[in-house]
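Remarks on the overall topology
One-letter residues, chain by chain:
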Amino acid sequence: MSSSFTAASVRGAAPPDRLVQAVAADDAVRVVAATTTRLVQEACRRHGSWKTATVALGRALTGAALIASSLKTSERVTIHIEGRGPVGTITAEANAQGGVRGYARHPQTDVPLRPDGKLDVGAAVGKGVLHVIREGSFEIGLMEAYRGSVPLVSGEIAEDLTYYLSRSEQTPSAMSLGVYMEAGDGVVGAAGGFLVQTLPDADEAIISRLERTIAAAPLITEMTRAGATPEDIIRQALGDLDWRPLSERPLSFVCACSRERAERLLLALGGDEMRAILAEQGQAELNCHYCNAVYRLSAADLQRLIEAEASGAEA
Ligand SMILES: [Zn+2]
């Protein structure tokens, strides 16, 4: 068997992304772990993102999925990393069903490697502010339930989200996120992460024991590259603490956009605006930031929407 065959089959064989939630130490510790190789690869493919931008976006998507694990059905969480570095603002959104989507403002961005030879995500993201928005679904639609903001600590994302959770949401937390890029060709080798949180009644001995095991755990990229499952990651993060799984869900890159939504967006502009677009451009092109899908509406489509708007009917 040739080595190129082996490499190709290993790449194609990344198991489906999963998230597992568990509790430990008599329920005083909550832990969530996820593998996200496929969804980060999908984000990279859709946005044509370069290495450092892919790692930054992949960490944000993984972090959003971990934070969304505590949501109820029909809630979602959005992370805006408003850095002033070359990659621009990163937006990552995750819902309670395991759907994740997101983008970086400037995906075709790279920065020089760090002195230790690693991708410099902190430099690509830069200094700035992290916003986390939790939204819930109420009778009148999706509404903002909670918004918190903290300054970026390092732009490395896991550290920033940890600071946010501990500071803004007052939950002592440790998060680790990793995205490993294969050499050369925009292939995500492995991605994943974990989040450990202690509840108010966790005793000091448990907390310091956790700090030691987390510090001693292998890097998340090492674990996921070696094929670790979310359960393996939990074991490594918790050391010999007793734990039990609570729930699991599949994760994937999903976008809520559609041609119908694109048409509704145009309709909402009103007749005058649509006539101006028709006269000036002869067609309309709408781009979904989240997944980079492009919806093209021809002159005939626009005419149909203009007539629908004039007659007050839904298109
Ligand atoms: Zn989309």
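Since the model is a prediction, treat every value here as computed from it, not as a measurement.

**Regarding the overall build of the chain**
Scanning the chain from N- to C-terminus turns up eleven helices and 13 strands. Relative to the globule expectation of 20 Å for 315 residues, the C-alpha radius of gyration of the chain, 22 Å, shows essentially globular dimensions. Dimensions of the chain, computed from the C-alpha atoms along their principal axes, are close to 70 × 55 × 35 Å. For the chain, the residues scored as buried account for 42% of the 315 residues in total. Pairs at least 24 residues apart make up 65% of the contacts formed inside the chain by residues separated by at least 6 positions.

**Topic: the nonpolar core**
With 73 residues, the main nonpolar core has Val 31, Ala 56, Ala 60, Leu 61, Ala 64, Ala 65 and Phe 194 as its most contacted residues. For this core, the element with the highest residue contribution is helix H3 (residues 51–68), accounting for eleven residues. Discounting chain neighbours no more than four positions away, the residues touching Ala 60 are Ile 79, Ile 81, Ile 90, Ala 92, Gly 102 and Ile 157. In this structure, Ala 262, Leu 266, Ile 277 and Ala 284 belong to the second largest nonpolar core, which totals nine residues.

**So, the domain arrangement of the chain**
Annotation of the chain at the domain level lists domain 1 (14–253) and domain 2 (259–310). Taken over C-alpha atoms, the centre of domain 1 sits 36 Å from the centre of domain 2. Each partner contributes to the interface: domain 1 provides five residues, whereas domain 2 provides four residues. Of all elements in the fold, only helix H2 (37–47) and strand S5 (99–104) reach the threshold of two or more residues within the side of domain 1 that touches domain 2. Among the elements that line the side of domain 1 that touches domain 2, the one with the most residues is S5, at three residues. Classifying every residue of the side of domain 1 that touches domain 2 by side-chain character gives one nonpolar, two polar and two charged.

**A closer look at the sheet that holds strand S10 (residues 243–250)**
Note: strands within a sheet are paired through backbone hydrogen bonds, in either parallel or antiparallel orientation. Strand order in the open sheet made by the five strands is S8-S9-S2-S1-S10, with antiparallel pairing throughout. In the strand order of this sheet, the two ends are held by strand S8 (173–181) and S10, each with one partner. Averaged over all adjacent pairs, the angle separating strand axes in this sheet is 10°, with direction ignored. Sheet analysis places strand S1 (residues 18–24) next to strand S2 (residues 29–35), joined by seven bridges and oriented antiparallel. Looking at S2, one finds that Gln 21 is bridged to Val 32. Lying over the sheet, H3 contacts S1, S2, S8 and strand S9 (188–198), oriented at roughly 140° with respect to S8. On top of the sheet, helix H8 (residues 230–238) reaches S1, S2, S9 and S10; it is set at about 135° to S2, its chief contact.

**As for the pairing of S2**
Residues in a regular strand project their side chains so that they alternate between the two faces of the sheet. Of all seven residues in S2, seven are buried, a share of seventy percent or more. Side chains Val 29, Val 31, Ala 33 and Thr 35 project from S2 onto one buried face, and the interleaved Arg 30, Val 32 and Ala 34 project onto a second face that is buried too. Linking S1 to S2, which pair antiparallel, is a turn of four residues; within it Ala 25 sits at a positive phi near 50°. With seven bridges connecting them, S2 and S9 associate as antiparallel partners. The residue of S9 that forms the bridge with Thr 35 is Gly 192.

**Topic: the packing of H2 against H3**
The contact between H2 and H3 brings their axes to 10 Å, and the two run at 135°. What the angle tells us is that H2 and H3 run oblique. Read as a crossing pair, H2 and H3 show a hand that is right-handed. In contact with Leu 39, Val 40, Ala 43 and Cys 44 of H2, H3 contributes Thr 54, Leu 57, Gly 58 and Leu 61. Classifying every residue of the contact of H2 with H3 by side-chain character gives six nonpolar, two polar and no charged.

**Thoughts on the pairing of S8**
Most of S8 is tucked away: nine of the nine residues are buried. Neither face of S8 is left uncovered, since the one carrying Ser 173, Met 175, Leu 177, Val 179 and Met 181 and the one carrying Ala 174, Ser 176, Gly 178 and Tyr 180 both have all their residues buried. Where S8 meets S9, nine bridges bridge the pair, whose relative direction is antiparallel. Bridging from a neighbouring strand, Met 175 pairs with Leu 195 of S9. If you look at the hairpin formed by S8 and S9, you'll find six residues sitting between the two strands, and Gly 184 has a positive phi there, around 85°.

**What about the environment of Tyr 295?**
Turning to its location among the elements, Tyr 295 is positioned in strand S13 (residues 294–297). The partly exposed category is assigned to Tyr 295, around which 19 C-beta atoms lie within 10 Å. Counting along the chain gives 125 residues from Tyr 295 to Gln 170, while the straight-line C-alpha distance between them is 42 Å. Excluding residues that lie within four positions of it along the chain, Tyr 295 makes contacts with Arg 259, Ala 262 and Leu 286.

Definitions and limits used
Residues numbered from 1 in each chain as written. Predicted model: local features only at pLDDT ≥ 70, side-chain atom pairs only at ≥ 80, totals over all residues. Helix = DSSP H or I, 4+ residues; strand = E, 2+ residues; numbered from the N terminus. Rg over C-alpha atoms; globule rule 2.2 N^0.38 Å. Buried ≥ 20, exposed ≤ 12 C-beta atoms within 10 Å, placed from the backbone. Contact = placed C-beta atoms within 7 Å. Core = buried A, V, L, I, M, F, W, Y, C linked by C-beta atoms within 7 Å. Domains from an automatic or database assignment. Nonpolar A, V, L, I, M, F, W, Y, C, P; charged D, E, K, R; others polar. Pairing = 2+ DSSP bridges. Axes fitted to C-alpha atoms, helices over the stretch in contact; angles between N-to-C directions. Parallel < 35°, antiparallel > 145°, perpendicular 65-115°, else oblique. Left-handed = near helix turned anticlockwise from the far one by under 90°.

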